Amino acid sequence: MTTTTPGHDGTEPSTASPEDRVTEPFERVTDAPSAPAGREDAPGTPEDGPSMADEDAGARATPGGSPWQRSHAVWERANLDWIHAAAAAPAPEPPAPTPSSSSNGGASNAGASNGGPSNAETSNGGASNAGTSNAGTSNGGPSNGGASNGGASNGGASNAGPSNGGPSNTGTLNAGTSNGGASDGGAGPFVTDPPPSGSSGAPAGPSATGPSAARPSGGGSAVPSRSAVAGPPPARFSAANPPPARPPGIGALPRSRRSGGRRPLLAGAVAAVLVAGGAGYLVLGGDGDDAVKPAPKAFAAAPADRLFALDPAAPTDGHVQELTDATGDGALVIAVGGETGGSDRGRFLVSADGGRAWRPASVRAADGTEPPPGEVPRRVAGATGRWVALGGPAGAPKDGPGPTIVWTSADGRTWTRRPPGAFAPQDRVLGLARVPAGFVAVGASGAGDQAKGVLWTSVDGVRWQRADRLSLGDARSLDRVVASGAAFIVDGVVRKKVTKTETKKGKKRKVTRTVEERGHWRSTDGGRTWAKVDVPQAQGSFGGLVGLTAGPGGFFAARDAKRTTGPKKRRKTTRHGVVWSSPDGGRWTTVGQIQAGGYAGLDRFAGSSSGLAALVRTGGDEKTLLRGAGRTWQPSGEVAGPEVTGMAVVGSATVVTGRRGPDPYLFVPGVGEIDLKAVPGAINPQRDVAGLVSDGPVLVAFGGGNGEPAAWVAPDGRSWRRATGLGADADPGARRLTDVVRGEAGWLAVGRSPSGPLAFTSPDATGWSPSPALPGKGSPSAAAYGPRGYVAVGQAAPWTAAWHSSDLKKWKRVEGGGEGRMRDVVAVADGFTAVGSRPGDKGVDRPAAWTSTDGEKWSHVPIPALPPGLTSGSLDRVVVSGATLVAVGTGATGGSGPQPFVALSGDGGKTWQTQVIPGAGPGTAVTALTATPRGYVMAGTTGAPGDRDVAVWAANGRLWRSVPARGGGLDGRGDQSLTALAASGTDLVAVGVNGDHRGDHPTFWRRPLP
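On a predicted model such as this, the values are computed, not experimentally measured, just so you know.

So, on to the overall build of the protein chain. When its secondary structure is counted, the protein chain shows one helix and 64 strands. In the protein chain, which comprises 1010 residues, the share counted as buried stands at 55%.

What follows is the structure, given as C-alpha cells:
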C-alpha cells in the first residue's frame, strides 16, 4: 500500500518593482518590528451546505438530465438499490465535562440560574440538568447551548451562555440524535436539524449533533490480509420496511478540536449512493435509525516507539542529512540543515559553549503553532539579539528556484517561521549577511535569458524589501554577499555590451556583442549605489578570487598562486594562497600567504572579528584547517572525507558543516567531529510502519527501519517483537517492505530497493529469509494470495509489473498490464483484481483496474470517468468483502491540490463507479483502508501541513459514517495520521505516526470495531 501526502506551498506572490527607476533596498524605518501576523485560516463557523432535492428512487433520468439523474438511471438499470441519506455536522468539541452528579434519561429539567455560573454535569441519557430554562433560554442572557426541544437536547454538547450576570456552561450531553431522532450506533450524522417550531423564542447558540455511541463490539473472526471475506447481509426493503427517510437539512463538520479552528472536514450535499449489486450497498454519509445511545469512549493512540523497536546494530539511521551553514557570536554557535528520505524536516542546532555541547532548537509558526513539515533552512546569519535563516522545500535544489522560507530568532534557541514577504516562487537566494541596518540577501530570479540578479534587505528579518533593478548594471545573478561595518560586497555576473574592432577579409569594422562578466561590487549606502571592486594580482596569484570574507578590521580576499624555483633541469613549482585586506572594500593591499604541506587549492575562506580561517585541499579528500589573521597561519585540524558545505569563525572556534555519505557532518577544532547521534533529538532514525496484517490473533506490522526492510510481530496481538532476517544488505539506505500476506505456503513479504524488487518468505512471520528472486526489473508495491497462488504487482516504468508463484519456490514474471502502475491488489472469488493508474489524454494519470483469473494473464478494466472537478487521479488502495470491492484514490483538481475519491465494484472488479467523498476537498487525504466483519473502515487526515488530525469513517454495509478519533496520537499539535488499519477479533487496530518539527514517532491504536 502507498501513502499519498498532499503537497503544500506557502509562498505568496511578490510585488515587482517599477521598471523605470532603481529600487531602494532598505526601507527607511527605524521603529521596532511589527508583531507577527496571525495565521490566515482564522477560526470560522461551519456553514450549512445546500440541500438536495428529493428524488423518486424509481424515476429514470433522461439523457439530458443532471449528473445525479444520469447516475441514478445507470444504477437503476443495473437493478441496484439506492438509499438517500443526508449528512449532518457534529457540534464543536465541548469543554471537558465535570464529574456527573445526576442523569435524567428524558427531558431537561433545568431551573433558572439567577446568580453566578451554572455548570451542568454530564448526562448520559439524552438531556442535561443545566442552569437554563426548559425552553432553551436562561434568565437574563442568551443560551448558547443546545435548544431544549420538547425535552431533548439538540446536540452532543450544550455550552450555555451568560445567565443573570454569570456564564452558564453545560457539561457534555452524551446523546446521539436530537429532536426525538435516532442514532445509528455512533454514525455521527452530517446534518444539522433546524429547531422545531416549539423551541425557545430566545436565539439558541450553535448546536449540532455530535458523534453517538458505536455499536457494541460483537464477535467475528479476524480478516486475513488481501483475502475475500464474507460481506454484510444485503438490506431488504419493502412497503412494510421502507428505507429511512432523508432528513431535511445538510450541514458541515465541526471546527477543529484545537483552539483556532479548522476548515470542516466533510461538508455539503447528500452523499451519492455506491451500491454493490445484490450483496449490499454503501452510502457516503447519512443518518442512522437505531436507538439513541451514550456517546462513545475516546480511544487515544498510544506511543509505540518501544513496540516497533529499531535495530541497535544498524550501520545507518536511514535518512539523508546535511548541515549547510553555520554562524554565531561569542560563545553562541548555530548550525542549520535538514533531513530527507522520510518526513523531510529542517534542523537548527545550537551550542552555548563555543561548539562543545549541542542541542536542537525549537521551531514554531508565526502564530505559535506547529510549523509545516518539509522545509529546510540552508543559510543563516545574525548577531546577538537578531538571527535570520533562509531556506525552502526539502526536495528543491539547494540553489535552484522555489519558494523561500524565512525563520527568525532573538536568541538562536527558538525560531519562528515567517511569511515569504518579498520572496517570489521563482527566486533563488544564494547569499545572506548581517549588516548594521539589518540583513542583506542576494540571488537571482527567473531562468535563462530572463534571469536577473536580485537584492533583498530587511531591518528585522521579518519585513523584506526587494530590489531587482540595481545601479551596478544588468546583473544576471548575485551569488554571494559579505559585510563589514556599513559596507557590503556582492559577487555576481553582469551582462554588458563590448565593442571591438575586428578585421575580416582585410577590412576593419566595429562589432558589438553582449558578454557576461563576473565581478565584485561594493555598496556603502545600503545598495543604492555601487562601485566596482578591483583586487590586483600579486605574489604569483592567478585567476579570480577564490575567497572573500569579513574579518578583523575590514574585508579579506584570497586567490590561489604558484611559484617556480630552481634551475631548468630542477625546476619546481609549488602552490600557495595570497591574502589581501581592505578596511572598506575600496583599496586593497597584500598582507600574507596561505601555505600548507601539499597545498593544492583553497576550498573555503571564512572570517569574523575574531580572526580568519582557511580550509586547504592537500590531496585526495584530505583538507587542512588553518587559523590566522592574514599574515601568519597555524594548523588547527584535519578534515578528511566529508563534503564541506559551510564554514564559520565564531570566537575562538571554527565550525565546519557538511555531509559524510548520508549523515550530517559537524566539526569544531579542539572538540573534533561532533557525534550528532549522541545529541538527543538531533538525529531521528528512519522508522516507517506502513502496513498492518491480521491473521487470527497474530498481528504483523511492516515497513522499514534504519533504511532496511523491517517487520514486527505480535503473536497474541499485544506483545510485539522485531522480526529477524530482513536487514542483511551491506549497503542499506532505501530498502523497505511494501506489503505482507499469508497463504498456504507461508508468509510472503515484498518490497523495493534501488537495486530491484525484494521478496522474503517465512513460516511464521517471526523469522524471514530471502525468497527466490522476482525476475526482471520493477518495484512491487502490493501482494495477495488466492486459490491460484501468490501474486505481486507494481511497476517497471512505464509499464505495469506483475509476478506469480504457486508455492513461493519459483516466481514467474507475467505480462498483459500495459502502461501504468499497479498500486494494490486483492484476491477475489474468481482470481485477482489490481488497482492503480494508467496514462490518459495528454499524459495525465487516470484511475485503472486490472483483473486476472489465474494471476498470470492480466486484462485492463475500464473505469468510468473521474468524478466532476478532478482532472487526473490514481487508485491507491483496495479491499474486498464478499464480491464488493472498495478502492480509494487521490485526484488532482487542476490547481487547488489533491482530493480523495472512492471507487466501488459489486462484481469482483469487472465494473466500477467513482465518487468524490462528499465535502472532502483539497487538504483531506485518505491514508488507510480495511475490510472488517462489519463492513469497511477508512482513515485519513484533515487540516494544513503541521496541523493535521486523524479522521476515521466506517461503513457497516450501508452508510459511511464518522468514527470518533481523538486523543493523544490522533489530534493535537503537529501532524497525526494512521498509516494502516486491520480488524483483529472484535477490535479495530491501527498503526500511525505522530510528528512535529522534532521528528516522527509511531503510534498504535486499538478500539472496538465500529
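Let's shift gears to the sheet that holds strand E42 (residues 736-743). The antiparallel open sheet is built from four strands, whose spatial order is E42-E43-E44-E45. The two strands at the open ends of the sheet, each matched to only one other strand, are E42 and strand E45 (769-770). Bridging between strand E44 (residues 756-762) and E45 involves two bridges; their strand directions are antiparallel. Bridging across to E45, Phe760 finds its partner in Pro770.

The next subject is the sheet that holds strand E33 (residues 633-640). If you trace the four strands from one edge of the open sheet to the other, you get E30-E31-E32-E33, paired in antiparallel fashion. Of all the strands in the sheet, the pair left with one neighbour each is strand E30 (601-608) and E33. Within the sheet, the average angular offset between the axes of one strand and its neighbour, ignoring direction, is 20 degrees. In this sheet, strand E32 (residues 622-628) lies alongside strand E31 (residues 611-617) in antiparallel orientation, the contact comprising six bridges. Opposite Val616, over in E32, you have Thr624 as the bridge partner.

Further remarks concern unusual backbone geometry. Note that the residue after Ala797, namely Pro798, is joined by a cis bond; omega there is 5 degrees. Tracing the chain through its elements places Pro798 in the loop between strand E47 (789-796) and strand E48 (799-805). With a phi close to 70 degrees, Leu808 is a non-glycine residue in the positive phi region. Inspection of the secondary structure puts Leu808 in the loop between E48 and strand E49 (812-814).

In this section: the pairing of strand E26 (residues 547-551). The element E26 is largely enclosed, with a buried count of five among its five residues. The side-chain alternation of E26 yields two buried faces, one formed by Gly547, Thr549 and Gly551 and the other by Leu548 and Ala550. Pairing geometry for E26 and strand E27 (residues 554-565), over five bridges, is antiparallel. Note on E27: the bridge partner recorded for Leu548 is Ala557. Counted along the chain from E26 to the antiparallel partner E27, the turn is two residues long, and its residue Gly553 has a positive phi close to 85 degrees.

Quick look at the pattern of salt bridges now. Tallying each qualifying case throughout the model produces 28 salt bridges. Notably, a salt bridge pairs Asp987 with Arg718, separated by 3.9 Å at the nearest N-O pair. Separated by 269 residues along the polypeptide, Asp987 in strand E63 (residues 987-996) and Arg718 in the loop between strand E40 (708-714) and strand E41 (721-722) bring together distant segments of the chain. By relative accessible area, which is 54% here, Arg718 ends up exposed. In this structure, a network of salt bridges that share partners links the residues Asp427, Lys452, Arg466 and Asp468.

What follows covers the side chain of Ser771. With respect to the helices, strands and loops of the structure, Ser771 is situated in the loop between E45 and strand E46 (779-786). A relative accessible area of 10% places Ser771 in the buried class. Sequence-distant contacts of Ser771, defined by excluding residues within four places in its chain, comprise Ala759, Phe760, Thr761, Leu808 and Trp811.

With that settled, consider the environment of Asp325. On the secondary structure map, Asp325 appears in strand E9 (residues 320-329). If near-sequence neighbours (up to four positions away) are discounted, Asp325 is found in contact with Ile334, Ala335, Val336, Arg378, Arg379, Val380 and Thr657. Engagement of the side chain of Asp325 in a polar contact is seen with the backbone nitrogen of Val380, the distance being 3.1 Å.

Under the counting rule described, the total for this entry stands at 11 aromatic pairs. Ring centres of Phe348 and Trp415 lie 4.6 Å apart, and the angle between their planes is 25 degrees; this geometry places the pair in the stacked category. Linking Phe348 in strand E11 (residues 345-351) with Trp415 in strand E17 (residues 414-418), this pair joins segments that are 67 residues apart in sequence. Per residue, the accessibility class of Phe348 equals that of Trp415, and both read buried. Between Trp720 and Phe1004 the ring centres are 5.8 Å apart and the planes differ by 70 degrees, which places this aromatic pair in the edge-to-face class. Of the two residues, Trp720 sits in the loop between E40 and E41 while Phe1004 sits in strand E64 (residues 999-1008), which places them 284 residues apart along the sequence. Taken together, the aromatic side chains of Phe308, Trp712, Trp720 and Phe1004 make up a single cluster linked through ring pairs. Sitting over the face of the ring of Phe439, Arg434 holds its NZ or CZ atom 5.0 Å from the ring centroid. Taking NZ or CZ as reference, Arg559 lies 5.2 Å from the ring centre of Trp580, over its face.

This part is about the environment of Asp621. Examined against the element boundaries, Asp621 turns out to sit in the loop between E31 and E32. Residues Asp621 and Val639, spaced 18 residues apart in sequence, show a C-alpha to C-alpha distance of 8.4 Å.

The next subject is the pairing of strand E20 (residues 452-458). Counting buried positions along E20 yields six of seven residues, so the element is predominantly enclosed. Of the strand pairs in this sheet, strand E19 (residues 438-445) and E20 are connected by seven bridges, and their pairing is antiparallel. Of the residues in E20, the one forming a bridge with Ser445 is Lys452. Counting the residues that bridge the hairpin from E19 to E20 gives six residues, and of these Gly446 lies at a positive phi of roughly 85 degrees. When E20 meets strand E21 (residues 464-467), the two strands line up antiparallel, connected through four bridges. Bridge pairing links Leu455 to Ala467 in E21. Connecting E20 to the next strand, E21, in antiparallel fashion are five residues, including Gly461 with a positive phi near 85 degrees.

When you line up the elements, Trp521 lands in strand E24 (residues 507-523). Sequence separation between Trp521 and Val533 is 12 residues; the distance between their C-alpha atoms is 5.2 Å. Excluding its chain neighbours within four sequence positions, the residues that come into contact with Trp521 are Leu472, Phe488, Ile489, Val490, Gly492, Val494, Trp530, Ala531, Lys532 and Val533.

Among the secondary structure elements, Thr761 is positioned in strand E44. Overall, Thr761 belongs to the buried group, its relative accessible area being 16%. Among all residues touching Thr761, those that are not within four sequence positions of it are Trp747, Gly767, Trp768, Ser769, Ser771 and Leu808.

What follows is about the confidence of the model for the protein chain. Caution applies to low-pLDDT regions: their predicted coordinates should not be interpreted in detail. Looking at the protein chain as a whole, the pLDDT averages 76, with 69% of positions reaching at least 70. With pLDDT under 50 throughout, residues 1-281 is counted as low confidence; its partners more than four residues away or in other chains account for 663 contacts.

Conventions we followed
Starting from 1, residues in each chain are numbered consecutively following that chain's sequence as written. Per-residue local features are limited, in this predicted model, to residues with pLDDT of at least 70; the limit for side-chain atom pairs, both in listing and counting, is 80 or more; totals at the level of whole chains, interfaces and linings are taken over all residues. To get the side-chain values, all heavy atoms of the structure are used, and hydrogens and water are removed first. Only DSSP runs of H or I with at least four residues qualify as helices, and only runs of E with at least two residues qualify as strands; both kinds are numbered from the N terminus onward. Burial here depends on accessible area, computed with a 1.4 Å probe over protein chains only, as a share of the maximum for the residue type. Under 20% is buried, over 50% is exposed, and the range in between is partly exposed. We treat two strands as partners when DSSP finds at least two bridges between them. In this analysis an axis means a line fitted to C-alpha atoms, helices contributing only their contacting stretch, and an angle means the value between N-to-C directions, from 0 to 180 degrees. What makes a salt bridge here is a side-chain nitrogen of Lys or Arg within 4 Å of a carboxyl oxygen of Asp or Glu, nothing more. What makes two residues a contact is simply this: any of their non-hydrogen atoms within 4.5 Å. Think of a polar contact as two N or O atoms within 3.5 Å of one another; within protein, one of them needs to be a possible hydrogen donor and the other a possible acceptor, and neighboring residues in sequence only count if both atoms come from side chains. Note on aromatic contacts: the rings of Phe and Tyr and the six-membered ring of Trp form a pair at centre separations within 6.5 Å, being stacked when their planes are under 30 degrees apart, edge-to-face when over 60 apart, and tilted otherwise. Whether a charge sits over a ring depends on NZ of Lys or CZ of Arg being within 6 Å of the ring centre and within 35 degrees of the ring normal. pLDDT is a residue-level measure of predictor confidence that goes from 0 to 100.

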